Amino acid sequence: MTVTIRRVLCVLPLLLVAVVAVRQREVLAEGLGLVTTARWPWLLAAAGVTCLTWPAAACTRQGAVLERLPGRRLLAAQFAAGAANHLLPTGLGASAVNLRFMTVCGLSPARSSAALALYLLAECVGRVGLLGALLVAFPDALPFGSLLPDEAPVGLFLVAGAALVLVLGALAAVRRVRTVVAGFLRTALGEARSVHARPARALALWGGALAFPALQAGVLVLVGRAFGLAVPSAHLAVAYLAATVAVALVPTPGGIGSVEAALVVALVAAGGAAAVATAVVLVFRLLTVWLPLLPGALTLAALMRMKVI
């Protein structure tokens, strides 16, 4: 039974890739058609920068734990996690892959969860911090006023906030939940202190957390140059970071659909023509999502067969 389940799990990533590809076949076809109209040197450079994002993610993962993780397997796990992240909503795929990988490497479930939480925190702080720094340096990069509705739904936000407070209060009233949360927080804070006591680990954690969104923004800049998008590079980077921060809470697999829409709106708001901005976004997502998806799924299946995850 165990062998059968493992075989099914090895095939499952490929089946999910096929389902997603069929559902998004029009977007894929349009993106592939647009590639032929772009300037190839810029696209090759964009593909090269895309390949650097996985070492950046591996660097951040290593910085979140004290133990030295096996380098090649860690890098392969990040490539596989990227595919899993585009098949399950809200980053659950990548989190599950890395949690399993750290457990197989000998970390306890509590410490693996703490390392995962530290990674997610560093990634969030790095992305938002980079966006804030660019907005300070280029305050006119993105006219946020044109992106906001005339009348903000204040009532909706208040209701959502009140509901969140009620849910948290109800959970806090349960003793078992309080015990589990308190234990997790103690473990997470202890891991964070231990990691930051090692300068090499702290540098890997925060350096990778800053490098990953910077590299992704660099891919968008290079694709924009390939299509001759009339938007300054810094403004393109701000548009990418703002769009990805805005859709971070949208529960779609890998942000498929929501990221494209947000990026097109942000690029148009930054001064780009709508048609060119759409082409840039489609090819950007083709390079960063669709082309690595199948090899990433194959890597995921291979790692599962090898019991690395």
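Up top you'll find the structure we're talking about.
Residues numbered from 1 in each chain as written. Predicted model: local features only at pLDDT ≥ 70, side-chain atom pairs only at ≥ 80, totals over all residues. Heavy atoms only, no water.

Colleague: Looking at this structure, I do not really get the pattern of salt bridges. What am I missing?
Modeller: In total, this model carries two salt bridges according to the counting rule given. For Glu67, the salt bridge is made with Arg111, and the minimal N-O distance between the two is 2.6 Å. Within this pair, whereas Glu67 is found in the loop between helix 3 (40–63) and helix 4 (71–85), its partner Arg111 is found in helix 6 (residues 109–137), the two being separated by 44 residues in sequence. Measuring nitrogen to oxygen at the nearest pair gives 2.7 Å for the salt bridge that ties Glu191 to Arg111. Taken together, the positions of Glu191 in helix 9 (residues 175–196) and Arg111 in helix 6 put the pair 80 residues apart, joining distant regions of the chain. Each member of the pair, Glu191 as well as Arg111, carries the same accessibility label: buried. What emerges from the salt-bridge pattern is a single network uniting Glu67, Arg111 and Glu191. (Salt bridge = Lys/Arg side-chain N within 4 Å of Asp/Glu carboxyl O. Helix = DSSP H or I, 4+ residues; strand = E, 2+ residues; numbered from the N terminus. Buried < 20%, exposed > 50% of the residue type's maximum accessible area, 1.4 Å probe, protein only.)

Colleague: Sorry, what's going on with the packing of helix 5 (residues 92–104) against helix 6 here?
Modeller: Describing two packed helices takes the angle between their axes plus the distance from one axis to the other. Running from N to C, helix 5 and helix 6 cross one another at 135°; their axes reach a closest spacing of 9 Å. Considering their axes alone, helix 5 and helix 6 lie oblique with respect to each other. For the crossing formed where helix 5 meets helix 6, the hand is right-handed. In this structure, helix 5 contributes Ser95, Leu99, Met102 and Thr103 to the contact, and helix 6 contributes Ser112, Ser113, Ala115 and Leu116. Counted by class, the contact of helix 5 with helix 6 contains four nonpolar, four polar and no charged residues. (Axes fitted to C-alpha atoms, helices over the stretch in contact; angles between N-to-C directions. Parallel < 35°, antiparallel > 145°, perpendicular 65-115°, else oblique. Left-handed = near helix turned anticlockwise from the far one by under 90°. Contact = heavy atoms within 4.5 Å. Nonpolar A, V, L, I, M, F, W, Y, C, P; charged D, E, K, R; others polar.)

Colleague: So what exactly am I meant to see when it comes to helix 6 here?
Modeller: Each turn of an α-helix holds 3.6 residues, which means side chains three or four residues apart point in the same direction. With 29 residues, helix 6 should cover 42 Å at 1.5 Å per step; its first-to-last C-alpha distance of 42 Å lies within 8% of that length. Three or more residues of helix 6 are buried, namely Arg111, Ser112, Ala114, Ala115, Leu116, Leu118, Tyr119, Ala122, Gly126, Arg127, Leu131 and Leu134. (Expected span 1.5 Å × (residues − 1).)

Colleague: In this structure, what is going on with the environment of Leu286? I would like to understand it.
Modeller: Within the element layout of this structure, Leu286 appears in helix 13 (residues 274–305). For Leu286, a relative accessible area of 5% gives the class buried. Counting along the chain gives 251 residues from Leu286 to Val35, while the straight-line C-alpha distance between them is 9.3 Å.

Colleague: What am I meant to see in the side chain of Gln78 here?
Modeller: Structurally, Gln78 is set in helix 4. Assessed through its relative accessible area of 5%, Gln78 is described here as buried. Here Arg61 takes part through its side chain, which lies 3.2 Å from a polar atom of the side chain of Gln78. In this structure, Gln78 is in contact with Trp54, Ala57, Ala58, Arg61 and Asn98, ignoring residues within four places of it in sequence. (Polar contact = N/O pair within 3.5 Å; in protein donor to acceptor, adjacent residues only side chain to side chain.)

Colleague: It is not clear to me how the packing of aromatic side chains should be interpreted in this structure. Could you clarify?
Modeller: Between two aromatic rings, the relevant description is the distance of the centres plus the angle of the planes. Taken as a whole, this structure holds two aromatic pairs when the rule is applied. On the numbers, 4.8 Å between centres and 85° between planes, the contact of Trp54 with Phe79 is edge-to-face. Here Trp54, found in helix 3, pairs with Phe79, found in helix 4; they are 25 residues apart in sequence, far enough to count as distant. Seen from their ring centres, Tyr240 and Phe284 are 5.8 Å apart, and the 70° between their planes marks the pair as edge-to-face. (Phe/Tyr/Trp six-rings, centres within 6.5 Å; stacked < 30°, edge-to-face > 60°.)

Colleague: Sorry if this is basic, but what is going on with the nonpolar core here?
Modeller: Core analysis: the biggest nonpolar cluster contains 46 residues, and Leu43, Val223, Phe227, Leu263 and Leu267 have the highest contact counts within it. Leu263 has contacts with Leu220, Ala239, Tyr240, Ala243, Val281 and Phe284, leaving out every residue within four places of it along the chain. Ala64, Val195, Leu205 and Leu303 belong to the second-largest nonpolar core, a separate cluster that totals 27 residues. (Core = buried A, V, L, I, M, F, W, Y, C linked by side-chain atoms within 4.5 Å.)

Colleague: Which parts of the structure should I look at to understand the packing of helix 10 (residues 199–226) against helix 13?
Modeller: Remark: helix 10 packs on helix 13, axes separated minimally by 9 Å, with the N-to-C direction vectors making an angle of 130°. The orientation of helix 10 with respect to helix 13, classified from their angle, is oblique. For the pair helix 10 and helix 13, the sense of crossing is right-handed. For the pair helix 10 and helix 13, contact is made by Gln216, Val219, Leu220, Val223 and Gly224 and by Val280, Val283, Phe284, Leu287 and Thr288, respectively.

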